[in-house]
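Here is how the chains run, residue by residue.
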Amino acid sequence: MTEPTHNQKLFIETVGCQMNMLDSELVVAALRKDGFSLTDDITQADTVLFNTCSVREHAEQKIYSALGRLKFSKRERPNQVIGVIGCMAQKDQKLIFKRAPHVDLVVGTGQLAEIPRLVAEARENRERKLAVSLSRRDATRTEVAGSFLSYDPLRDPEMRPSPFQAFARIMIGCDKFCTYCVVPMTRGPEQSRPALDIVAECRQLAHEGVKEITFLGQTVNSYKFVQEGRTWRLSDLISAVHDIPGLDRIKFVTNYPKDMTDDLLEVVRDLPKVAKYLHVPAQSGCDDMLKRMKRGYTVAHYRDMMERIAATVPDCAVSSDFIVGFCGETDEAHQKSLDLIREFRFKNSFIFKYSPRGGTKAYQLYADDVPEDVKRARNHEMLALQNSISEEDNALRIGRTYEVLVEGLSKTAKKDLHGQEFSADSPSLRTGSVPSAPAPTDVGHDHDHDHDHDCGREPVVLDLPLAELSPTPSAAPEYRPQLVGRTMCDRIVVFPGNPRLVGSLARVQVEDCTQTTLIGSIVTREVQHGSSSALPILV
Ligand code: 5AD
Ligand code: SF4
């Protein structure tokens with residue numbers, strides 16, 4: 001009798017941005033079709049995948065440490081297949097085998113469709129497998145683009161982190177080549193996906209019960225696709241998806257300041273399902289720095305864009321990213337970034353200390369000359385400023401009522417329910433124990449959610465099966481845990497309510513706030529109560 005060779009348990013750790021979250025969702029779905037099931041116990045899995053991020057060095061170090069810890073696990077499990085996939089795989093390629101010889105698979109962002117086959121082959125013949133796309137230096141743009149395949153198989157609703165929220169990739173790659181950034185290398189040339197495929201995917205998602213779709217792209221507002229004689233821009237795509245019945249909200253991240261066109265702002269203004277929220281990273285408030293970063297705009301251009309946003313979509317929330325301690329950043333340059341934050345009062349900002357990345361122009365051309373303690377001090381100073389602005393702006397909202405898309409239990413409620421930090425065994429992607437990539441210091445965000453990378457909203461993980469959210473008979477009818485949701489402007493709101501509201505829109509009146517969160521209670525409708533006064537009825 002032949003011994004069973006491998007179990008079908010899969011452990012996957014995902015770090016980085018929403019693009020990585022989506023990639024993991026799709027990879028897991030494909031492997032589930034081959035009979036795999038997820039486990040959050042790495043010691044039980046014969047297949048271990050790390051979906052990686054290269055944007056900052058720290059994120060890579062975490063993965064190499066996690067790999068280091070696995071060094072001897074093959075003694076226990078000689079059949080184990082260990083794979084490094086995503087951005088680090090594309091960037092470091094064979095170096096990964098050198099640094100971690102027990103790794104079996106290295107699969108870049110443009111080759112993810114190959115994973116089921118490569119896992120099967122690695123099991124079969126125990127040979128190392130490398131599947132990466134062409135390097136941007138080694139071939140023409142067309143050839144390189146052809147080697148980065150957008151990975152968008154048919155969706156498996158079971159694999160979504162939340163049944164009513166989904167990401168939809170509308171483009172891959174980036175051609176902006178900001179001098180500090182590794183993404184044009186790790187994700188390849190900018191390529192927009194066919195508009196009609198995206199619309200069909202969104203229709204399918206809505207049919208499956210999805211209420212909120214977030215379009216993903218490294219520079220999402222640069223989207224352009226010519227199909228059947230028609231040129232589609234992001235505004236056209238949004239309009240087409242807006243017509244799909246069942247959807248309540250449409251968002252898109254991340255925007256590139258230079259591509260913020262008026263047609264896009266007009267659909268944000270005119271279409272009721274589109275979030276009045278834009279994530280448009282400024283990166284710096286100093287023209288010299290912006291030039292060195294090769295961002296392609298000046299502070300004056302950015303200001304012009306902000307004025308157009310304010311004029312077209314009054315009350316639109318805007319969030320940003322900043323890099324502190326970029327090569328040559330003086331105290332004066334740093335002060336200019338603080339001034340920019342004071343001027344535009346962002347809803348929140350993600351703040352990153354500059355991390356030199358091999359293969360980028362900044363790495364080749366400029367010395368990383370801002371000492372670490374100065375970077376840290378600037379980071380703290382910027383964060384403190386943004387925090388105080390966010391808190392002041394949140395306080396202005398006390399007393400107002402907002403329509404909130406209810407996302408799930410708040411962190412506090414999850415802790416109450418489980419007596420500890422909740423870790424789901426539902427098909428959440430956060431199955432691993434390896435800490436995620438270093439979070440930027442950000443404000444305006446519920447720390448319910450893991451986050452890294454640029455996009456102005458982090459993935460929302462509803463990591464409880466919906467059945468578990470229903471009140472238990474013993475607790476009913478008072479069971480009204482703290483729920484969390486977001487306003488149309490992407491502001492986080494917590495409030496007590498019936499967990500059955502998860503996935504629906506509720507009206508919440510704000511009563512208090514913190515730097516990151518509005519605190520309120522639900523108002524469903526107003527009815528006459530004997531007297532003539534209209535009283536809110538709480539669910
Ligand atoms: N060092 C620090 N931050 C970086 N970012 C991108 N590359 C680097 C780097 N080398 C930041 C930018 C970008 C976000 C995703 O990460 O602010 O918007
Ligand atoms: Fe592209 Fe954004 Fe990186 Fe610039 S920062 S190269 S726009 S991914």
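Our structure is the block above this text.
Our subject in this report is the structure included herewith. Throughout this document, residue positions are counted from 1 along each chain, in the order its sequence is written. For naming, the first written chain is A and the first written ligand is 1, with later ones following in the order written. Note on the predicted model: pLDDT of at least 70 is required for a residue's local features to be given, and 80 or more for side-chain atom pairs to be given and counted; whole-chain, interface and lining totals, by contrast, use all residues. Excluding hydrogens and water, the side-chain values take into account all heavy atoms of the structure.

Ranked by size, the top nonpolar core spans 57 residues in total, and within it Phe 215 and Phe 252 carry the most contacts. Of the residues forming this core, the biggest block, 6 residues, is contributed by helix 9 (residues 195–207). In this text, buried Ala, Val, Leu, Ile, Met, Phe, Trp, Tyr and Cys residues form a nonpolar core when linked through side-chain atoms within 4.5 Å. Each residue gets one of three labels from its accessible area relative to the maximum for its type: buried under 20%, exposed over 50%, partly exposed in between, using a 1.4 Å probe on protein chains only. Membership of the second largest hydrophobic core comes to 37 residues, among which are Val 55, Cys 174, Tyr 180 and Tyr 354. The secondary structure listing takes helices from DSSP runs of H or I that are at least 4 residues long and strands from runs of E that are at least 2 residues long, numbered from the N terminus.

Moving on: the environment of Arg 233. Tracing the sequence through the fold places Arg 233 in strand 12 (residues 230–233). Looking at Arg 233, the relative accessible area reads 31%, which means it is partly exposed. Residue contacts follow a heavy-atom distance rule, with two residues in contact if any of their heavy atoms lie within 4.5 Å. Residues contacting Arg 233, with those up to four places away along its chain left out, are Tyr 223, Lys 224 and Asp 263.

The topology assignment puts Ser 410 in the loop between strand 17 (401–409) and helix 17 (411–418). Under this definition, polar contacts are N or O atom pairs within 3.5 Å; protein pairs additionally need one hydrogen-donor-capable and one acceptor-capable atom, and for neighbouring residues in sequence, both atoms have to be side-chain atoms. Here the side chain of Ser 410 touches Gln 482 through a polar contact of 2.6 Å, side chain to side chain.

Multiplying 1.5 Å by the residue count of a helix minus one yields the expected span of that helix. In a regular helix each residue adds 1.5 Å, so 14 residues correspond to 20 Å; helix 14 (residues 331–344) covers 20 Å between its end C-alpha atoms and thus fits that length. If you check which residues of helix 14 are buried, you get Ala 333, His 334, Ser 337, Leu 338, Leu 340, Ile 341 and Phe 344. Considered in projection along helix 14, the buried side chains sweep an arc of 150° and stay on one side of the axis. Along helix 14, the residues that are exposed and aim more than 90 degrees away from the buried face are Asp 331 and Glu 332. On the buried face of helix 14, the contacting elements are helix 12 (287–293), helix 13 (299–312), strand 15 (317–324) and helix 16 (372–395). After helix 14 finishes, the residue Arg 345 shows a positive phi value of roughly 45°. Comment: arc refers to directions from the helix axis out to C-beta atoms.

Quick look at the pattern of salt bridges now. Two side chains with opposite charge may pair up if their charged atoms get near one another. Note on definitions: salt bridges are taken to be side-chain nitrogens of Lys or Arg within 4 Å of carboxyl oxygens of Asp or Glu. Evaluated as defined, the whole model comprises 35 salt bridges. Note that Lys 129 is salt-bridged to Glu 127, the shortest N-O span being 3.8 Å. On the basis of relative accessible area, Glu 127 is assigned to the partly exposed category, the value being 46%. With a closest N to O distance of 2.7 Å, Arg 303 and Glu 343 form a salt bridge. Of this pair, Arg 303 sits in helix 13 while Glu 343 is found in helix 14, placing the two residues 40 residues apart along the sequence. Judged by its relative accessible area of 28%, Arg 303 is partly exposed. Using a relative accessible area of 39% as the deciding quantity, one classes Glu 343 as partly exposed. Through salt bridges that share partners, Asp 23, Asp 152, Arg 169, Arg 187, Arg 193 and Glu 201 make up one connected network.

Aromatic rings from Phe, Tyr and Trp, taking only the six-membered ring of Trp, are treated as a pair when their centres fall within 6.5 Å; an angle between ring planes under 30 degrees marks them as stacked, one over 60 as edge-to-face, and anything in between as tilted. Scanning the entire structure with this criterion turns up 9 aromatic pairs. Both rings, one in Tyr 302 and one in Phe 346, keep their centres 6.4 Å apart while their planes meet at 65°; by these two values the pair is edge-to-face. With a gap of 44 residues between them, Tyr 302 in helix 13 and Phe 346 in the loop between helix 14 and strand 16 (349–353) connect regions that are remote in the sequence. Accessibility classification places Tyr 302 together with Phe 346 in one group, the buried group. Ring-pair connections join several aromatic residues into one group, and the members of that group are Tyr 256, Tyr 297, Tyr 302, Phe 322, Phe 344 and Phe 346.

Interpretation in functional terms is not warranted from these geometric data alone.
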